[in-house]
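Each chain, letter by letter, is given below.
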Amino acid sequence: MTFDPAPRQSVSDHVFGRLRDAVVRGHYSPGDPLPSERELAATFAVNRHAIREALRRLQQLGLVKVSQGGATRVLDWRATAGLDLALALTTTDDVLPVPTIGRDVMEMRACIGADAARLCATRAGDAGRAAITAAAAGYADAAPDLARMAEADLAFWRRIVEASGNVAYLLAFNSLTAGSLAVGHMPAQSRTAELLDVAAHRALAGLIAGGDAAGAERAARALLAVPATEEIGSPRP
C-alpha cells in the first residue's frame, strides 16, 4: 500500500490517521510488519519523530506492537483494541468496517442501561432519585421536539448511570455518547419510538424512585430494545 506525503500541518496526526485506517481496514493483516520508521518517514515526507509519535498512538489504541530495535507488527484490533478506537474514528467522520457495529453498540447500550437502572433503584440516594425524577420531567417538557428530546434523554440516562454508583458504566456511557461512536448513519426511525415514549421514561423514573430494582431493569431494557432493522450499523461507503 502507498501513502501520500503528509500536509505541513499536524503531520503526526496525518500519519497516525492514515496508518490507523490502513490497519483497521485490513490493508495489513495481524502479524504483518509495518514499514520501517525510515521507510515511513520517506513515504510520508516527514521526520522520524512524527513517525514515532504516530506509532506510539497506534500502540496505545491496541493496533500495533512496537518493539525496540525490531519490527512494528500489526495486532488483531478485534482482540486488542477498546472503545477508544471507535472514539478516535469519530473525529475523522470514519466508521469501523463492521456491518453490524450500530446494532452492536445499541445492544451494549441496552445492557448497560438496564443494569444501571437496576443498580440505581437500590443504590441511589435521595439526591440521585430526585435528579432522575427531575430529568424525567424535563424530558416530558421537551416533547414533541425530537432534537430537544434527544438532549433531554441523554441527560436522563446520565443521571441514572451516575446514580448507579458504577464508575465503569459511567466511563462506558461517556464513550457511547461521544460523537456518533463511529456507528455510521443510523436511520432516524430507529429511535423515534423510544424518544417519543414519555410515559416509559416517567415510569422508569418512578420505579427507580420506588426502589423496584427488578421492575426498573425490565422497564429500561424494554425502553432501550434494539429495533429490528437491517439498516442499523451499515457503515458509510
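Residues numbered from 1 in each chain as written. Predicted model: local features only at pLDDT ≥ 70, side-chain atom pairs only at ≥ 80, totals over all residues. Heavy atoms only, no water.

Colleague: Lay out the overall build of the protein in plain terms, naming residues and giving numbers.
Modeller: Each helix and strand in the protein was counted, giving twelve helices and two strands. Beginning at the N terminus, the succession of helices and strands in the protein can be written as α-α-α-β-β-α-α-α-α-α-α-α-α-α. Looking at the protein as a whole, 41% of its 237 residues are labelled buried. Long-range pairs, those at least 24 residues apart, make up 69% of the contacts in the protein between residues at least 6 apart in sequence. Total accessible area on the protein stands at roughly 11,900 Å², and carbon and sulfur atoms take up 54% of it. (Helix = DSSP H or I, 4+ residues; strand = E, 2+ residues; numbered from the N terminus. Buried < 20%, exposed > 50% of the residue type's maximum accessible area, 1.4 Å probe, protein only. Contact = heavy atoms within 4.5 Å. Areas by Shrake-Rupley, 256 points an atom, 1.4 Å probe, with all protein chains shown as cover.)

Colleague: Hey, could you go over the packing of aromatic side chains for me, with residue numbers and the actual values?
Modeller: One pass over the structure, following the stated rule, counts one aromatic pair. Their ring planes at 80° and their centres at 5.7 Å tell us that Phe 156 and Trp 157 sit as a pair that is edge-to-face. Sitting over the face of the ring of Phe 16, Arg 57 holds its NZ or CZ atom 3.9 Å from the ring centroid. (Phe/Tyr/Trp six-rings, centres within 6.5 Å; stacked < 30°, edge-to-face > 60°. Lys NZ or Arg CZ within 6 Å of the ring centre and 35° of its normal.)

Colleague: An account of the packing of helix H8 (residues 146-163) against helix H11 (residues 198-209) is requested, with residue identities and associated values reported.
Modeller: Between H8 and H11, the least distance of the axes is 12 Å, while the angle of their chain directions is 15°. Relative to H11, the element H8 is oriented roughly parallel. Handedness of the H8/H11 crossing: left-handed. Across the interface between the two elements, Met 149, Asp 153, Phe 156, Trp 157 and Ile 160 from H8 touch Val 198, His 201, Leu 204, Ala 205 and Ile 208 from H11. Residue composition of the contact of H8 with H11, by class: eight nonpolar, one polar and one charged. (Axes fitted to C-alpha atoms, helices over the stretch in contact; angles between N-to-C directions. Parallel < 35°, antiparallel > 145°, perpendicular 65-115°, else oblique. Left-handed = near helix turned anticlockwise from the far one by under 90°. Nonpolar A, V, L, I, M, F, W, Y, C, P; charged D, E, K, R; others polar.)

Colleague: Tell me about the packing of H11 against helix H12 (residues 213-223), residues and numbers included.
Modeller: Contact pair H11 / H12: the axes reach a minimum separation of 8 Å and the direction vectors enclose 160°. One finds that H11 runs roughly antiparallel with respect to H12. Relative to H12, the crossing made by H11 is left-handed. Contacts between H11 and H12 involve Ala 200, His 201, Leu 204, Leu 207 and Ile 208 from the former and Gly 215, Ala 216, Ala 219, Ala 220 and Leu 223 from the latter.

Colleague: Explain the confidence of the model for the protein residue by residue, including any values.
Modeller: Looking at the protein as a whole, the pLDDT averages 85, with 83% of positions reaching at least 70. Scored below 50 in pLDDT, residues 180-185 shows 23 contacts in the model against residues more than four places distant or in partner chains. Predicted confidence for residues 230-237 stays below pLDDT 50, and this span has 28 contacts to residues more than four positions away or in other chains. (pLDDT = per-residue confidence, 0-100.)

Colleague: Explain the nonpolar core to me, and be specific about the residues and the numbers.
Modeller: Leu 63, Phe 156, Trp 157, Ile 160 and Leu 204 are the most contacted members of the largest nonpolar core, which has 56 residues in total. Ranked by the residues each element gives to this core, the list is headed by helix H6 (residues 101-123), at ten residues. Trp 157 has contacts with Gly 113, Phe 173, His 201, Leu 204, Ala 220, Leu 223 and Leu 224, leaving out every residue within four places of it along the chain. Counting residues in hydrophobic clusters, the runner-up holds seven residues, among them Ala 140, Ala 152, Leu 195 and Val 198. (Core = buried A, V, L, I, M, F, W, Y, C linked by side-chain atoms within 4.5 Å.)

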